[in-house]
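Single-letter residue listing:
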Amino acid sequence: MSIKNFISLSYIFFGLTHICWASFMNIEYAVTCGQYEKYEISFNLPDYHNNYDPEVIDVFAEFTSPSGELFKVNAFYFENFTKTDNGLALSCENLVATNQKHWLIRFTPNMSGNWSFTLKLRENMDSEIIQHPLEGVLSFFCFETNNPGFVQTKDTRYLQRSDGSSFIPIGNSLPWFERTPWRGTCEYGTNQMRQIIDLMSANNMSFFRFEVNFFESVSLIGYDFTLQKNFCKYYNQKAAWQMDKILEYAEYNDIFILLALFAHGQLGNDGVISQYHAPNGEIMNFDFFNSQNEFIDGYAHGAWSLFHPYNEFLSVNNLPQPPDSNLDLQSPYEFYSSSLARQEQKKLIRYIIARWGYSTHLMGYELMDEADRIDVKNRNDLHPNFIPPPNNLNQSIVDWHQDLTHFIQEHNTQKHLLTTAYADINHPTVNQVFALMDFTQIHDYTNYLVAPWNSVQETYLSYISDYLSRFNKPAMIGEHNYILYPDIDNLDPNLYNLKDNLWATLHNGSFAPASYWTQFHVKERNATSIYYGIGKYVKSIELSEDFKPVERIDEHFRSYYLNDNSEDKFYGWIQDNNFTYRNLLTNHMEYLHTFFSDDRPSISSKLIEMDFHVSRNGRYELRWFDTNSGDHISTQTIFSSQNKLLIQMPQSLQHTKHGDAAFQIEYINNELDFEVVVFPNPSNSGLYEIRVSDNISINSLEIFTINGTKVREVNLGTYSNLNIDLSNETSGLYLLNIIFGGSIQRTIKLLKI
C-alpha cells in the first residue's frame, strides 16, 4: 500500500543574503515493507539549475529504526525511460525518455518493527534546513522476511550475509555491455546483460564485477556514443536507468554486483585510434602507431584525449553541452591530485550511493580499477605526446584513496564493503591503500599456459598467503586471464585450466574462487558450465578464519584443502596427476581439445590415498562430490588411529573429465560402535558375505588360521560390503580381522564345515 500527498508544502525563509524557496510535492511512500527489501519514497521539487549538485540542492531523509538507531539517506534526481526495441540479446537497445521526472529516496530497513522518517532539504548550503512534516514523523511498518541481508565481512578471511549465513561469491568480471560497431551508436545494453545474467544464474554463478563509469557502456559521466553527447556535472540519466535495470535483474536472479566506481581505461590514451569520426562528421587524427608504423595494441584507445569530461583540451565537438561543462585538468594524473576533480568525484559517488546503495545484492564498491595504471602511451614505445608522471603521483594516489574512503564511509548508510585494485600487486602504495579497504584483491595476467607445471595454482596460493599475512583481511584473485594470449585457441580452447583453478583457489584461503577477465571470454567458448558444479558445491560449506590452506603434491595426485585449527573438519579438492592441465598439454593434446576418449589419459594409480593428521581419534564422516555437477556422490564413515586419518579417492571420480573430486571430512565422535554381519557362518562352501553397517569404509581384511597363519589379506579401498572365498582352505576355525583407520577394529570367528 502507498500513500500519495498532493499538497504542495512550501516554506520561505528570509536571511540576510538569501531567500529559500522549497517545496515537497506529490510525496508517495509505502506504509509496509519487508526486512532487507527496498523501501522507496518519491516526491517532486522545483527544478534547480543542477539537480545533481548537493551544493545547489541537498535533499535527504532521516530514518529512525525500532531500536532508535538513526540512518541518513540522500535523495537523488530520477528520470524514467521506456524501451521501444524487441529486447533480443544482441539487438540495439532503444530507450525513450518519458516525462516522469522526480526525486527518489531508496532505503533498506534492517529490522522488523515500526520505522519513522522525515524528509529534509537545504538550498545552496547556506539556507535553513526544511523538514517535512513540520511536526511529527511519517512512518511505515517493516515485517520479517527470510532475506539474509547485506554482504559483510565475517572475520579476517571470509564474508557472510547479515544473518550470519556464508557468502562465497562465484563469478567473473562482466565490466560492461557491448555495442556494434565498437564505439558505435548501437548498444546492446540491458538486452545483453539480461541474457548473460540468465546464463550465469543457470550455471550457479553468484556475482560479477561491473564498471559504472565506462564510456562505451554504462557511464554517468563521459561520452555516450548512442546519444553522441558528453556528461560531466549533469549525469547521464539513460545510463543510470540501465544500471537500475541491471541491478534489479541481478537481484532477481540472486546475483551480486561488485560495482567499480572508476576505471583506469578512461584515463589513458594507449591503443590504436588512427581516426575518430566525430558526430558532426569531422575526422580527428590520433597517431597511436609506433615509429615504424606498426600496430600497437592497448587498452584506453584515446579515452582521455578524446572523451574524458575532466580533460581541459577536449575537442569542441566532444565538450559537454551547456549548462554542463568540462573540468580543466591538463593531464590524467590530475584525476588524483586536482581538488576540483576530487570535488566532482565526491558528488558523483554520493549520487551512486544514493541510487544503488539500497541493494542487498551490491557486493561492494571498487573505488578504482587498477589505480596504478594510467596508460598515456603505447606499450613498449615512446609516444610523442607522452606526459611523464609527476614525482608526487604515488602520494596523490594514497591521498585520493584516503579522502574518498572517508567520504564513502560517511555516506555509506548500508555499510557496503569497499575495495580497490592494482595492476602491480607490490606497487609502493599498496600497503597504505589496502589498509583502508574491507577486502583486498590481486590482479594477475601471467600467461600460465606456457608456465611451469602447476604454477598458476601454486602462485595464487603464495599470493593469497602473502596478502592475508600483510593485511589480515579477506583477499581474492580479483582478475586473472590468459585468454588474451594468441595461443589460447591451441593450448586451452575449452578453458580446462580455468576450472582447475576455480577449485584450487576455493581452497587456498581466498574468500572466493579466482575471478576471470572476462565473462565474455568464458561465454564465447561455451565454458560457463564449468561454474555449475562449484556454484552448487559452495552452498554446502561454511568457512571461517579457523580454516588454513594446505597444498599437497604427491607422485599420483595434487590437492588443495582447508582444515580448521582443531583439525576435525576438512574441505578439499584432489586431482589425479595424469589429468592436470600440464600433463594433458604435454601428452594428450587431442583430449584437451575434444575430450575424445581415445586420447584420454589413464588414471595414475588404481588407489589414490591421502592421509591427514587429526587431533582426535574416532569416527569421521567423509563425503565425496563430483566437481562437474556439484552433486554429493557418496558418504562414508572412516576412523582415525594414532591421530592419522586415511582417505581413498573413489575410482569413479578418477574417471571423470578432469580426474578430480571435492571432499569434506568432519569429526563425528569417538564411539566405534558399528555392526558386522557375516553369513552364512558356519559355511559349508567356504563362501562368506560380509556386511558392515553405517556405510563404514573397510581398508583391508586379514584372515588367519587358529594357529596364527595368515591365509588371506585383502586391500579393499572403500568397500563396505564384500565376499570372501575360503573354498580352497581346509575345514576349521579362522579369525577375520577387519581393519580401518589404520588398526584392527573387529575380529570375528569364521567356521568352515
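What counts, and where the lines are drawn
- Residues numbered from 1 in each chain as written.
- Predicted model: local features only at pLDDT ≥ 70, side-chain atom pairs only at ≥ 80, totals over all residues.
- Heavy atoms only, no water.
- Pairing = 2+ DSSP bridges.
- Helix = DSSP H or I, 4+ residues; strand = E, 2+ residues; numbered from the N terminus.
- Axes fitted to C-alpha atoms, helices over the stretch in contact; angles between N-to-C directions.
- 1 Å grid on protein atoms, 1.4 Å probe; cavity = no way out; pocket = protein on both sides within 12 Å on 5 of 7 lines; lining within 4 Å.
- Points joined across faces, edges and corners; volume = space filled by probe spheres on them.
- Nonpolar A, V, L, I, M, F, W, Y, C, P; charged D, E, K, R; others polar.
- Phe/Tyr/Trp six-rings, centres within 6.5 Å; stacked < 30°, edge-to-face > 60°.
- Buried < 20%, exposed > 50% of the residue type's maximum accessible area, 1.4 Å probe, protein only.
- Lys NZ or Arg CZ within 6 Å of the ring centre and 35° of its normal.
- Parallel < 35°, antiparallel > 145°, perpendicular 65-115°, else oblique.
- Left-handed = near helix turned anticlockwise from the far one by under 90°.
- Contact = heavy atoms within 4.5 Å.

**Let's talk about the sheet that holds strand E30 (residues 557-564)**
Pairing between sheet strands relies on hydrogen bonds along the backbone, with the strands arranged either parallel or antiparallel.
At step 1: Within the open sheet, the 6 strands sit side by side as E29-E30-E31-E36-E33-E34. Their pairing is antiparallel. Every interior strand has two partners, whereas the edge strands, strand E29 (547-553) and strand E34 (632-639), have only one. Direction aside, the axes of adjacent strands within the sheet are offset by 20 degrees on average.
At step 2: Here strand E33 (residues 619-625) pairs with E34 via 7 bridges, running antiparallel.

**Side note on the layout of surface pockets**
At step 1: The calculated volume of the second largest pocket comes to roughly 560 Å³.
At step 2: Taken together, 35 residues make up the lining of the second largest pocket; nearest its centre are Tyr52, Glu79, Lys229, Tyr235 and Gln237.
At step 3: Looking at the lining of the second largest pocket, the elements with two or more residues in it are strand E8 (76-83), strand E9 (95-107), strand E18 (186-187), strand E21 (229-231) and helix H2 (237-252).
At step 4: Here the lining of the second largest pocket is composed, by residue class, of 16 nonpolar, 11 polar and 8 charged.

**Re the packing of aromatic side chains**
At step 1: In the structure shown here, the tally under the stated rule is 54 aromatic pairs.
At step 2: Note on Tyr39 and Phe140: the rings are 3.9 Å apart at their centroids and 20 degrees apart in plane angle, and the pair reads as stacked. With Tyr39 in strand E5 (residues 39-44) and Phe140 in strand E12 (residues 138-143), the pair connects residues that are 101 residues apart, well separated along the chain.
At step 3: With a relative accessible area of 1%, Tyr39 lands in the buried category.
At step 4: Ring-pair connections join several aromatic residues into one group, and the members of that group are Tyr29, Tyr39, Phe63, Phe71, Phe107, Trp115, Phe117 and Phe140.
At step 5: The ring of Phe60 carries Lys72 above its face, with NZ or CZ at 4.4 Å from the centroid.
At step 6: Note that Arg616 overlies the ring of Tyr667, its terminal NZ or CZ placed 4.0 Å from the centroid.

**Observations concerning the packing of H2 against helix H5 (residues 339-356)**
At step 1: It is the contact of H2 with H5, at a shortest axis distance of 11 Å, that shows an interaxial angle of 40 degrees. In terms of orientation, H2 and H5 fall into the oblique class. H2 and H5 meet at a crossing whose hand is right-handed. Contacts from Gln237, Ala240, Trp241, Met243, Asp244 and Leu247 in H2 reach Tyr351, Arg355 and Trp356 in H5.

**A closer look at the pairing of E8**
At step 1: With 6 of its 8 residues buried, E8 lies for the most part within the structure.
At step 2: For E8 and E9, the ladder comprises 7 bridges, and the chain directions are antiparallel. The residue of E9 that forms the bridge with Thr82 is Val96.

**Observations regarding the sheet that holds strand E26 (residues 417-419)**
At step 1: Spatially, 5 strands are ordered E16-E19-E22-E25-E26 in an open sheet, and the strand pairing comes out parallel. One side of each edge strand has no neighbouring strand; the edge strands of this open sheet are strand E16 (171-173) and E26. Taking each pair of neighbouring strands and ignoring which way they run, the sheet shows an average axis angle of 20 degrees.
At step 2: Looking at chain direction, strand E19 (residues 207-211) and strand E22 (residues 256-260) are connected through 5 bridges and run parallel. Each bridged residue has a counterpart across the sheet, and for Arg209 the counterpart in E22 is Leu258.
At step 3: Running at roughly 150 degrees to E22, H2 makes contact with E19 and E22 of the sheet.

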